[in-house]
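Geometric and topological summary
Given next are the chains, with one letter for each unit.
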Amino acid sequence: MEATVTTANNDEKTWGGGHEIQPLGSSYGKMMMWFFIVSDALTFSGFLGAYGFSRFKFIETWPLADEVFTHFPFMHGVSAPMYYVALMTFILIFSSVTMVLAVDAGHQLKKTKVAVYMFLTIIGGLIFVGSQAWEWKNFIKGEYGAVETHGGSLLQFVKADGTRVALADFAVKLPEQREALTRSKTTWFMEDAQSLPTYSVAEIQAGFKAHPELLVRTETLTKDKKKTVLSREESAARLSEAKYVVEGANLIRNEYGNKLFADFFFFITGFHGFHVFSGVIINIIIFFNVLLGTYEKRRSYEMVEKVGLYWHFVDLVWVFVFTVFYLV
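Now for a description of the structure that goes with this document. (Residues numbered from 1 in each chain as written. Predicted model: local features only at pLDDT ≥ 70, side-chain atom pairs only at ≥ 80, totals over all residues. Heavy atoms only, no water.)

This paragraph deals with helix α1 (residues 28-57). The terminal C-alpha atoms of α1 lie 44 Å apart, and with 30 residues this matches the ideal 44 Å at 1.5 Å per residue to within 8%. The inward-facing, buried residues of α1 abut α7 (259-292) and α9 (302-327). (Helix = DSSP H or I, 4+ residues; strand = E, 2+ residues; numbered from the N terminus. Expected span 1.5 Å × (residues − 1). Contact = heavy atoms within 4.5 Å.)

Written out as structure tokens, the structure reads:
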């Protein structure tokens, strides 16, 4: 008894990317964009999930967003917690509105309107990327400074009323020799081979002794979600354990609190910023194609719609990043 295998040519029933068969009523290009968006959404979900687990584990030492993101352009020394981040978010969301208008104008084959709205979307994206870079600069540079103990605890300085005090406001200059570790001095292999902070531990300790009104605040949160302020005696005892002077934040140390906060901040906001920057570049390419009349000749502005899907996704992701990092 023989087994017979038959094959049939079902090309007319399979989707080859043409217009004859459109799954879910979408073209091949739009379907591929949706596949990318879903896969990228899973990636961001993993990152934000890891952030959430880490924050839950170290909830007592996690930095407070209202104390970290307090800067506003051209307002040096003025505490404006979350104001600029809110403005950045508004600009990015507004760029989604202009993208919607560009897509709608494309459906109506109105070239001029498409170009205008695409241009506004590009401007919004550039402002957001520039604002994020400015925020990174302030986050890396720091504002007040802190001290890290041998055990890894972070010590910040405040007045009796809880007002933060910067290291520059009380540190004293001591006649000591400090030398940065460099490769030319055969110390390149040492873990601490990095640029020196503005002040040494001894200068901070001496300045603290000279200012009896100062107290030390630890990174541990109380039940009222406020940092724990130590007494003068406890402050002096903890400060005697100081090992490093921390200014700003990087992948190793963080003056605002738990080190993982800075790691996640740089990675997640940087990853999202790369998406926004990529979207701006793509929008610029599409914008010039619109000016050249490429889509006018095709009698279809579907490419604008596909780019719009990506841009809306980037904006939606930022809403989640904004909520997780800044609001929760």
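For the coordinates displayed, the defined rule picks out eight salt bridges. Note that E67 and R217 form a salt bridge whose closest N and O atoms lie 3.1 Å from each other. Residue E67 is found in helix α2 (residues 65-68), and its partner R217 is found in strand β3 (residues 215-221); the two are separated by 150 residues along the sequence. Residue E67 is classed as partly exposed on the basis of its relative accessible area of 28%. (Salt bridge = Lys/Arg side-chain N within 4 Å of Asp/Glu carboxyl O. Buried < 20%, exposed > 50% of the residue type's maximum accessible area, 1.4 Å probe, protein only.)

A separate point is the sheet that holds β3. Read from one edge to the other, the open sheet built from five strands follows the order β4-β3-β2-β1-β5, with strand pairing classed as antiparallel. Looking at the sheet topology across the chains shown, the edges are occupied by β4 (227-229) and β5 (242-246). Each strand of the sheet is rotated relative to its neighbour by a mean of 35°, with strand direction disregarded. On the sheet, helix α5 (residues 201-210) packs against β1 (146-149), β2 (154-158), β3 and β5 and is oriented at approximately 95° with respect to β5. (Pairing = 2+ DSSP bridges. Axes fitted to C-alpha atoms, helices over the stretch in contact; angles between N-to-C directions.)

It is worth spelling out the nonpolar core at this point. Counting 52 residues, the largest nonpolar core has F69, F139, V304, F325 and Y326 as its most contacted members. Sort the elements by how many residues they give to this core and α9 lands first, with 13 residues. Each residue touching F69, except ones within four places of it in the same chain, is listed here: A80, P81, M82, V85, E135, F139, F261, F265 and Y326. (Core = buried A, V, L, I, M, F, W, Y, C linked by side-chain atoms within 4.5 Å.)

With that out of the way, let us pick up the packing of α7 against α9. For the pair α7 and α9, the least separation of the axes is 10 Å and the interaxial angle reads 160°. Judged on the interaxial angle alone, α9 and α7 are roughly antiparallel. Handedness of the crossing formed by α7 with α9: left-handed. Across the contact of α7 with α9, the residue classes break down as 20 nonpolar, six polar and no charged. (Parallel < 35°, antiparallel > 145°, perpendicular 65-115°, else oblique. Left-handed = near helix turned anticlockwise from the far one by under 90°. Nonpolar A, V, L, I, M, F, W, Y, C, P; charged D, E, K, R; others polar.)

On to a nonpolar patch on the surface. A contiguous nonpolar patch, built from V116, F119, L120, I123, L126 and I127 and spanning about 480 Å² of accessible area, is present on the exposed surface. Counting through the fold element by element, V116 comes out in helix α4 (residues 111-141). Among the residues examined, V116 registers a relative accessible area of 42% and is labelled partly exposed. (Patch = residues over 30% accessible without salt bridge, like charges linked within 9 Å, V, L, I, M, F, W, Y side chains within 5 Å. Areas by Shrake-Rupley, 256 points an atom, 1.4 Å probe, with all protein chains shown as cover.)

Here F74, not a glycine, exhibits a phi torsion of approximately 65°, which is positive. Positionally, F74 belongs in the loop between α2 and α3 (83-107). What makes F74 exposed here is its relative accessible area of 87%.

Their axes nearest at 13 Å, the elements α4 and α9 cross at an angle of 30°. Relative to α9, the element α4 is oriented roughly parallel. Considering how the two elements wind past one another, α4 and α9 form a crossing that is left-handed. On the side of α4, the interface is formed by V114, M118, T121, G125, F128, Q132 and E135, while α9 contributes V304, W311, W318 and Y326. Looking at side-chain class alone, the contact of α4 with α9 contains seven nonpolar, three polar and one charged residues.

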